[in-house]
Amino acid sequence: TFAAFATYGVTDRLDIGLAVPIQRVDMTARVHTTILPLSTAGDSIPSHIFANGTLQDDTVETGSASGIGDIVLRGKLGLTSGDWGGVAAGVDLRLPSGDAEDLLGTGATQVKGFLIISGGKSRFSPHLNAGYTFTGDSDTLGALPDEVDYAAGFDAAVASRLTFTADLVGRSLLNAD
């Protein structure tokens, strides 16, 4: 995935943004099938066989696709800030612009609301993001689950030109099969 993105500061508290992913998917699927002759186990000639004349068969399919994925529009509003850090809220609108049949997108519209809490303006800055995504149905993939996601971590200025960043990132799909 290659993503081109842009963010524009409408005011010093409000940002709007756009992310356009360019996707490439390569896939190989192998299916090994076996006929178990449970009801005809005593018969000398099997009643069901594959075209290769045996009770086992392998099928291999490959494919690839390239194109634009699901485009994301974002709005983020700074709610409060101070020497201790800041709090912001945001909304992402993911548009079903990628081809779901070629696995370049989901085929569903998604709306994600999220909260961002960031630490102070020192050499060590912790941060926490948490959000909930509402997902519509996909014509291709059917009902997709809503999700809860989070990221917690920090940025540390190790030297004047070196910053160390670490994040723990998680996502839970709700009512997913």
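Throughout this document, residue positions are counted from 1 along each chain, in the order its sequence is written. In view of the model being predicted, local features appear only for residues whose pLDDT reaches at least 70, and side-chain atom pairs are presented and counted only at 80 or more, with totals across whole chains, interfaces and linings using the full set of residues. Excluding hydrogens and water, the side-chain values take into account all heavy atoms of the structure.

J.: Now, about the overall build of the protein chain: what can you tell me, with residues and values included?
T.: Under the DSSP-based scheme used, a helix requires at least four consecutive residues in state H or I and a strand at least two consecutive residues in state E, with every element numbered from the N terminus. Helix and strand counts for the protein chain come out as zero helices and nine strands. Listing every helix and strand of the protein chain by position from the N terminus yields β-β-β-β-β-β-β-β-β. Here the globule rule reads 2.2 Å times residues to the power 0.38, and the radius of gyration is calculated from C-alpha atoms. Rg of the C-alpha trace for the protein chain: 25 Å, well past the compact-globule value of 16 Å for 177 residues, more than 25% over. Here the C-alpha coordinates of the protein chain stretch approximately 85 × 35 × 30 Å along the principal axes. In the protein chain, buried positions account for 21% of the 177 residues. A sequence separation of at least 24 residues applies to 50% of the contacts in the protein chain between residues at least 6 apart. The classification of residues rests on relative accessible area computed with a 1.4 Å probe and restricted to protein chains. Under 20% of the type maximum is buried, over 50% is exposed, and intermediate values are partly exposed. Whether two residues touch is decided by their heavy atoms; if any such pair falls within 4.5 Å, the residues are in contact.

J.: Break down the pairing of strand β8 (residues 147-159) for me, with residues and values.
T.: Here strand β7 (residues 124-135) pairs with β8 via 10 bridges, running antiparallel. Bridge pairing in β8 places Phe-124 opposite Ala-156. Here, any two strands with at least 2 DSSP bridges between them count as paired. Note that β8 and strand β9 (residues 162-173) share 12 bridges and pair antiparallel. Paired with Phe-154 across the strands is Ala-166, a residue of β9. Once β8 ends, the chain turns through two residues before running back antiparallel as β9.

J.: Can you lay out the side chain of Asp-92 for me, pointing to particular residues and giving the numbers?
T.: By the secondary structure assignment, Asp-92 is in strand β5 (residues 85-94). According to the relative accessible area criterion, Asp-92 is buried, its value standing at 10%. Any N or O atom pair separated by 3.5 Å or less is treated as a polar contact, with the protein-specific requirement of one donor-capable and one acceptor-capable atom, and with residues adjacent in sequence counted only for side-chain atom pairs. In terms of polar contacts, Asp-92 uses its side chain to reach the side chain of Arg-74, at 2.6 Å. What Asp-92 contacts, discounting residues up to four positions off in sequence, is Val-72, Leu-73, Arg-74, Gln-110, Val-111, Lys-112 and Phe-114.

J.: If you had to explain the environment of Ile-22 to someone new, which residues and values would you point to?
T.: As for its position among the elements, Ile-22 is in strand β2 (residues 14-34). Those residues in contact with Ile-22 that sit more than four places away from it in its chain are Thr-1, Phe-2, Gly-67 and Ile-68.

J.: Talk me through the pairing of strand β1 (residues 2-9); I want residue IDs and the actual numbers.
T.: Put simply, side chains in a regular strand alternate between the two faces of the sheet. Of all eight residues in β1, zero are buried; the element is thus mostly exposed. Bridge count for β1 against β2 is eight bridges, and the pairing is antiparallel. Across the sheet, residue Thr-7 finds its bridge partner in β2, namely Gly-17. Hairpin connection of β1 to β2: four residues between the antiparallel strands.

J.: Could you give me a rundown of the pattern of salt bridges, with the residues and numbers involved?
T.: Any Lys or Arg side-chain nitrogen found within 4 Å of a carboxyl oxygen on Asp or Glu counts as a salt bridge. Applying the stated criterion across every chain yields a total of six salt bridges. Ionic pairing is found between Asp-58 and Arg-30, a salt bridge with its closest N-O pair at 3.0 Å. Within this pair, whereas Asp-58 is found in strand β3 (residues 56-68), its partner Arg-30 is found in strand β2, the two being separated by 28 residues in sequence. Among the residues examined, Asp-58 registers a relative accessible area of 41% and is labelled partly exposed.

J.: Describe a nonpolar patch on the surface, listing the residues and the values that go with them.
T.: Residues qualify for a patch when their relative accessible area is over 30% and they have no salt bridge, like charges being joined within 9 Å and the nonpolar side chains of Val, Leu, Ile, Met, Phe, Trp and Tyr within 5 Å. Surface exposure here means Shrake-Rupley accessible area, sampled with a 1.4 Å probe, where a residue is shielded only by the protein chains that are shown. Nonpolar side chains collect at one region of the surface, where Leu-77, Leu-79, Leu-115, Ile-117 and Leu-128 lie side by side and expose about 380 Å² of accessible area between them. At the level of elements, β4 (72-82) and β6 (110-118) are the ones that each hand at least two residues to the nonpolar patch. With respect to the helices, strands and loops of the structure, Leu-77 is situated in strand β4. By relative accessible area, Leu-77 is classed as partly exposed at 34%.

J.: Explain the packing of aromatic side chains residue by residue, including any values.
T.: Each aromatic pair joins two rings of Phe, Tyr and Trp (for Trp, the six-membered one) with centres within 6.5 Å, and gets the label stacked for planes under 30 degrees apart, edge-to-face for over 60, and tilted for any other angle. Evaluated as defined, the whole model comprises three aromatic pairs. Site record: aromatic cluster; members linked through ring pairs are Phe-124, Phe-154 and Phe-164.

J.: Lay out the side chain of Glu-147 with the relevant residues and their values.
T.: With respect to the element layout, Glu-147 can be found in strand β8. Residues within four places of Glu-147 in sequence aside, it is in contact with Gln-110, Gly-131, Tyr-132, Thr-133, Arg-171, Ser-172, Leu-173 and Leu-174.

J.: Kindly report on unusual backbone geometry, identifying the contributing residues and their values.
T.: With phi around 65°, Leu-103 is a residue other than glycine that occupies positive phi space. Position of Leu-103 among the secondary structure elements: in the loop between β5 and β6. The class of Leu-103 is partly exposed, set by a relative accessible area of 45%.

Just geometry here; none of it tells us what the structure is for.
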